[in-house]
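# Remarks on the overall topology
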Amino acid sequence: MPNYSNNKLYIIKMKNQATGLNRFREYLTNSKNNANPPAYYNLTATTSTHDRDVFEEMDDDVHYRCALLDYQGDEISCIYWCICYKYVSEDIQSIHCKLKYKTKEESVIENFVYNLHLNLETDFPGDSYLNFEISEPLIEQMRKFETAPFVQEKVALAYQELEEENGLSPLAQKNQYCRRKYNLRSPQQRGEFQRDHDRIIYSKAFRRMVDKAQIFSSAKGDHYRTRMTHTLIVCQIAKSISHQLKLNSSLAEAIAIGHDIGHTPFGHQGERTLHAILTGKEGFEVNFLSLKSDDPIEDESVLFPYGGFKHNYQSVRVASCLESQYPEIDGLDLSEQTLNGMWMHTGKKAGLDIQDFSDGFLTEQGDVAFTLEGQVVAVADEIAQRSHDIDDAFASHLITPVELSQYLSLKKSNALKQEIDKLLEKIEDLDSKNRLFSDKSELIYSQISSIIVHHFIRDVCCATAERMKAYDVEQFNKNNHCIDQKLVWFSDLGADLCKYLENIISKKVINSHEVTMFDQNGSNIVLALFKAYYKNPMLLHKGTLQRIWNEYREQGFEVISFREGNPQLIKDEWNNITTANIPANEEQRTEEDKVLLKKRIILVRGICDFISGMTDSYAINEYRKIVP
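Described below are features of the structure shown in this document.

Calculation rules
- Residues numbered from 1 in each chain as written.
- Predicted model: local features only at pLDDT ≥ 70, side-chain atom pairs only at ≥ 80, totals over all residues.
- Heavy atoms only, no water.
- Helix = DSSP H or I, 4+ residues; strand = E, 2+ residues; numbered from the N terminus.
- Buried < 20%, exposed > 50% of the residue type's maximum accessible area, 1.4 Å probe, protein only.
- Areas by Shrake-Rupley, 256 points an atom, 1.4 Å probe, with all protein chains shown as cover.
- Lys, Arg positive; Asp, Glu negative; His and termini not counted.
- Charge placed at Lys NZ, Arg CZ, Asp CG, Glu CD.
- Pairing = 2+ DSSP bridges.
- Patch = residues over 30% accessible without salt bridge, like charges linked within 9 Å, V, L, I, M, F, W, Y side chains within 5 Å.
- Salt bridge = Lys/Arg side-chain N within 4 Å of Asp/Glu carboxyl O.
- Core = buried A, V, L, I, M, F, W, Y, C linked by side-chain atoms within 4.5 Å.
- Contact = heavy atoms within 4.5 Å.
- Polar contact = N/O pair within 3.5 Å; in protein donor to acceptor, adjacent residues only side chain to side chain.
- Phe/Tyr/Trp six-rings, centres within 6.5 Å; stacked < 30°, edge-to-face > 60°.
- Lys NZ or Arg CZ within 6 Å of the ring centre and 35° of its normal.

### A few points about the overall build of the protein chain
- Of the regular secondary structure elements, the protein chain holds 23 helices and six strands.
- Expressed as a percentage of its 628 residues, the buried residues of the protein chain come to 53%.
- Carbon and sulfur atoms make up 47% of the accessible area of the protein chain, which totals about 30000 Å².
- Taken as two groups, the 72 positive and 92 negative side-chain charges of the protein chain have centres that lie 4 Å from each other.

So, in structure tokens, the structure goes:
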């Protein structure tokens, strides 16, 4: 195995008009094929003393990077980037060159010259054509172009049956049904869905939920729900329902713990704002984001080819593309069952393709999760929101327990009203007996929240058990262990009551002055940040910039490094991507337009990744630093 120099770069000039080099160029180009021999750059009787001295300094057992430059005057028209080594025999002295990358891309050539501060006249004294430089940063930049980006091979694995799953429902998911894209790690003692759960809780996206609002800002107080506490409650409710229905609680927990990792800061308002920006809604315009059209447009979506934004799709993207825990891949390599449940915990969004968010792993199928465990999380999410949103409303004095009881006077909610009234009577009775409460109001709030949870769990389990009995198990087994209809849900009466509670919360809480102000401020911050990042992408975090660059390379684009490249070239590249007038009509687009559009879509999605991953506090701090 040869030794490689990481910092020494050899440079060979080749005049465009030197026709004697044409055969050498042909051999050089063909040498990229591993089956072909290297091209030989021979030293001859006319080789200058300077070039011979440079050649002599080359170590015999070291491979170097070498840039062969086609040039005319002081303009370089092409770079042949090679691996080279010294060859000496009795009558031959030559540099053997194996082509790795050839480019005529102007920005790459200009960046090469910039990084070396290269001058073709002064850096090659007299009649010399060979020289060397020491530049590890440039070698590292150019090395990225030598081969196509690494792609991990997919490995087929069969997962074992687990004895503890023998008592589960015939419609439950089992360990041996697990399907992953890569199967990076061999099976261990723990189940595969437990492994999914553990991968999620170790992720950065999971940790950030601690400072993402549910309805109220975390600045309001420590006892108000955040995205993290909501997730933990959903997880507990999902586990309770799964146990009662004899479903796979490990899978339900994995889905629940990951279902909101793609959520934005500032609750659903952050999500709505990003979607409004990407779809060009009035009041959310961003300069140059829209494509151009000289003709009237009936469907304005053609002007905004960015799809839109919804947090359940983003959760899948975070788990499949953005988190980085393994050397071989981006993403967590979660099971299809877990990813599908995370995606389908809420509704689909027109204009979004789940394949774009799952690295091509998930496909559009059905309108509900194909596992009952995924459906459990969807209903647990609804139950959790009804219960803790009421609790937070109590704590904010936007509604009182007595008012809630009055709202529940309708016949459809009478059973729940009776449970709450019974609690209130019990508390008053104990109070009359001199029960010393530390905080009677807090106790009432907590107990009402618990009553709501248990009321809906009972309703869901009873209604779902009947639907499961009627479902064809043989069809489930034939359909690759997939469910093709909604089985886990409320009864008709329970669904109606859930919707009614949601309406109460919307009227008393969501539409309140306090929440409206928080939502508006959050929306203003998200919009301002997006505008700033789109206007100057170099404001993005270095990790986000690197991910965008990686996606450009995966698409085959020749783009200079955003960290080490020429600042002016980088600025020009961004300006071209963000401000070019790209026709909305596909037939009118040039090849350059098509490339720029792909780059713009990747940039826009990268901005959304960065903003949606922020905590509330981080977003506010970024806003204060960036926006005057």
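From this point, the narrative continues.
### Structural notes on the pairing of strand 2 (residues 39-42)
- Where burial is concerned, the two faces of strand 2 differ: the one with Ala39 and Tyr41 is buried and the one with Tyr40 and Asn42 is not.
- Here strand 2 runs beside strand 5 (residues 93-103); their pairing, made up of four bridges, is antiparallel. Within the sheet, the bridge partner assigned to alanine 39 lies in strand 5 and is cysteine 97.

### A word on a negative patch on the surface
- Together, Asp74, Glu75, Glu105, Glu106, Glu110, Glu121 and Asp572 line one region of the surface with negative charge.
- Looking at where glutamate 106 falls in the secondary structure, it is placed in helix 3 (residues 106-116).
- Classification of glutamate 106 by relative accessible area gives exposed; the value is 58%.

### Regarding the nonpolar core
- In terms of nonpolar packing, the biggest core is built from 86 residues, with Ile241, Ile261, Ile383, Leu404 and Leu501 touching the most fellow members.
- At eleven residues, helix 16 (residues 440-470) tops the list of elements feeding residues into this core.
- Those residues in contact with isoleucine 261 that lie beyond four places of it in its chain are Ile200, Ala205, Phe206, Met209, Ser315, Val318, Ala319 and Met342.
- Tyr71, Leu303, Ile582 and Leu597 belong to the second largest nonpolar core, which has 67 residues in total.

### Things to note about the pattern of salt bridges
- Inspection of the entire model under this criterion finds 32 salt bridges.
- Here aspartate 429 makes a salt bridge to lysine 433, at a shortest N to O gap of 3.2 Å.
- When its relative accessible area of 36% is taken as the criterion, aspartate 429 is described as partly exposed.
- A salt bridge links lysine 499 to glutamate 502; the nearest nitrogen and oxygen atoms lie 3.6 Å apart. With lysine 499 and glutamate 502 both in helix 18 (residues 492-510) and three residues apart, the pair spans about one turn of that helix.

### Some words on the pairing of strand 4 (residues 75-88)
- Relative to strand 4, strand 3 (residues 62-72) runs antiparallel, the two sharing nine bridges. Within strand 4, the residue paired with leucine 68 across the bridge is tyrosine 80.
- Counted along the chain from strand 3 to the antiparallel partner strand 4, the turn is two residues long, and its residue glycine 73 has a positive phi close to 65°.
- In this sheet, strand 5 lies alongside strand 4 in antiparallel orientation, the contact comprising ten bridges. Within the sheet, the bridge partner assigned to tyrosine 87 lies in strand 5 and is serine 94.
- Remark: four residues form the turn of the hairpin made by strand 4 and strand 5, two consecutive strands paired antiparallel.

### A closer look at the environment of asparagine 42
- On the secondary structure map, asparagine 42 appears in strand 2.
- Separated by 53 residues in sequence, asparagine 42 and isoleucine 95 place their C-alpha atoms 6.4 Å apart.
- Leaving out residues up to four positions away in the same chain, asparagine 42 has contacts with Ile92, Gln93 and Ser94.

### Observations regarding the environment of asparagine 175
- One can find asparagine 175 in the loop between helix 4 (136-143) and helix 5 (192-201).
- Sequence separation of asparagine 175 and glycine 191 is 16 residues, and the distance between their C-alpha atoms is 6.2 Å.

### Overview of the side chain of arginine 195
- Here arginine 195 shows up in helix 5.
- Among the polar contacts listed, one links the side chain of arginine 195 to the backbone oxygen of arginine 185, at a separation of 3.2 Å.
- Ignoring anything within four residues of it in the chain, the contact list for arginine 195 reads Arg180, Arg185, Ser186, Pro187, Gln188 and Arg190.

### Re the packing of aromatic side chains
- Counted under the stated rule, the structure contains 17 aromatic pairs.
- The interplanar angle of 55° and the centroid separation of 5.4 Å between the aromatic rings of tyrosine 533 and phenylalanine 610 together place this pair among those described as tilted. Here tyrosine 533, found in helix 19 (residues 513-535), pairs with phenylalanine 610, found in helix 22 (residues 591-612); they are 77 residues apart in sequence, far enough to count as distant.
- Aromatic pair tyrosine 552 and phenylalanine 562: ring centres 6.4 Å apart, planes at 80°, arrangement edge-to-face. Placement of the pair is tyrosine 552 in helix 20 (residues 542-554) and phenylalanine 562 in the loop between helix 20 and helix 21 (567-579), with a sequence separation of ten residues. Across the pair, exposure class does not vary: tyrosine 552 and phenylalanine 562 are buried alike.
- Clustering of aromatic rings is evident, with ring pairs tying together Tyr552, Phe557, Phe562 and Trp574.
- In this structure, lysine 8 packs its charged tip against the face of phenylalanine 132, placed 4.5 Å from the ring centre.
- Over the ring of phenylalanine 557 we find lysine 599, and its NZ or CZ is 5.5 Å from the ring centre.

### Considering the side chain of glutamate 271
- Examined against the element boundaries, glutamate 271 turns out to sit in helix 9 (residues 267-278).
- The charged side chain of glutamate 271 is buried without a salt bridge, its nearest counter-charge being arginine 272 at 5.9 Å.
- Residue contacts for glutamate 271: discarding those within four places in its chain leaves His263, Thr264, Phe309, Lys310 and His311.

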